[in-house]
Amino acid sequence: MWDDFISRQVRRTNRNLFLLGGAILTVLGLLLAAGWRDTYNFIFGPFPVQSSELATISNPDSPKQYFLKVQGEESFSTGMREVDAGNHDKIRAEVVAIVVDKRLLLVKTPADNHQLEFTGILTAVPTELLNGVIHKEEAKNPELKGAFLPFMLDATGFRKGDNLWVAIAGAGFGFLGLALVGIPLRRQLQPENHPLLKELAKYGGLQDVRMRIDSEIRSEGGGEKFGPMQITTNWLIHAAAYKTNVMATKDVVWAYPKVTKHYHTGIPTGKTYSAIIRDAKGQSLEISGKKDSVPKLLESLQRRMPWVLVGFSKELEALWLKEKPQFFQLIEERRAKLSPAMR
C-alpha cells in the first residue's frame, strides 16, 4: 500500500467526497422521514377509496393515505368560487358537493369541472366554506345537518406547483448524494482511473513522478504555502477539499490576478480575489485568496519562474485563445534570455 504524498491526497479527497455525499443523503433521509406521510402519498398515490371508508374518517390529518381517488354518485354546485386576486373575472377554482354513500363531500376543483370522479388530497374545511356553504345549507335545510363530511377534497393538483418543484429538488439532491458517494467507491475499485493519477501520467512514469513529488515535499518541508497551494522547486500542488491538481513549474506560462465583484439585487456586496495559473499542457488553476495574498503568490511565481508572463491584458488573452503558438513563442523568447540555471 502506497503511503506517499499523492496517496494521502487521493485518500483525503475520496474521504471528503464520501462524507459530503453521505451528509446530503442523511439530511435528505431525515427530511423525508419527517414528512414521510407527504412523501408516501406523493410517490404512491392516488389511492382508490370506497365511499364507506370516507365516512369513518373524522380528521383529514389522521389517515396514512390522504391522496385519494373518490367516486361520487351525484354532483351539485355550491356557488363558491376562487377567483384571481388581480382579475376577479378569472375563476381559478370552484367548490362542488358530491354525494358519497348518502353523505356530502365538498370538492375544490378546477373551474367548470362537474365530473363525478375526483383525485385530490383530504384537507380541513376552511372557515369561509363552513359559513358560506355548510352552515348556510344546514340552516336552509335542517335535514342536511350532519350530512357534510368533516373534511373536503382539494382536487386542484397535488403533483404540481411547489410540491412538484420540491420533489424534483429532492430527487436532484438524492442523485447528487449517490453520485458523490459512488465516486470514491468507484475509485477504490479502479484506482488507475483516478483523475489525479491520470494527470500525473503526463509527466512520466507514475511511480517515478510520485516518488519525486513525495521526496521534494519532504525535503522542502511542504514547500511555500498559500492557503491550499504548495509550491516546491518543481511542482505546484493545489490541494482543494475535493480535488488535488498538480502542475510542473517548468510548464507554467501565464499567471494573473482575478477580482470578482458580487452584487445582490444590484447592490455591491463585496469582492473575491484569486490567481489564475495556466501551463503549456492546457491545465488551468484558480487559487482563491485574500486581497494581499494573491499578489504575494504571483510574486513568488515570478521569482521562481522568471519566464512566466505575470499580469493580464486583452492582447495576451487573445493570443492564448486564438494564437497559442505565438503565445508559447513569447515564453521561449523569455526563457532564452535567462541563464541556464534559471530556465
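Residues numbered from 1 in each chain as written. Predicted model: local features only at pLDDT ≥ 70, side-chain atom pairs only at ≥ 80, totals over all residues. Heavy atoms only, no water.

### Observations concerning the pattern of salt bridges
Piece 1. Tallying each qualifying case throughout the model produces eleven salt bridges.
Piece 2. A salt bridge links Glu137 to Lys140; its shortest N-O distance comes to 3.9 Å. With a gap of three residues between them, Glu137 and Lys140 both fall in helix α4 (residues 127-140), about one helical turn apart.
Piece 3. Overall, the relative accessible area of 55% leaves Lys140 in the exposed class.
Piece 4. A salt bridge links Arg303 to Glu224; the shortest N-O distance between them is 3.5 Å. One end of the pair, Arg303, is in helix α8 (residues 293-304); the other, Glu224, is in strand β8 (residues 224-226), with 79 residues separating them in the sequence.
Piece 5. Where salt bridges share partners, they join Arg8, Asp214 and Arg218 into one cluster. (Salt bridge = Lys/Arg side-chain N within 4 Å of Asp/Glu carboxyl O. Helix = DSSP H or I, 4+ residues; strand = E, 2+ residues; numbered from the N terminus. Buried < 20%, exposed > 50% of the residue type's maximum accessible area, 1.4 Å probe, protein only.)

### A word on the layout of surface pockets
Piece 1. When its volume is computed, the largest pocket comes out at roughly 520 Å³.
Piece 2. Lining of the largest pocket is provided by 19 residues; of these, Leu32, Thr39, Val166, Ala167 and Gly170 occupy positions nearest its centre.
Piece 3. Breaking the lining of the largest pocket down by element, the ones donating at least two residues are α1 (5-34), α2 (36-44) and α5 (162-189).
Piece 4. Here the lining of the largest pocket gets seven residues from one element, more than from any other, and that element is α5.
Piece 5. Of the residues assigned to the lining of the largest pocket, the class counts are 14 nonpolar, four polar and one charged. (1 Å grid on protein atoms, 1.4 Å probe; cavity = no way out; pocket = protein on both sides within 12 Å on 5 of 7 lines; lining within 4 Å. Points joined across faces, edges and corners; volume = space filled by probe spheres on them. Nonpolar A, V, L, I, M, F, W, Y, C, P; charged D, E, K, R; others polar.)

That is the geometry; function is a separate question.
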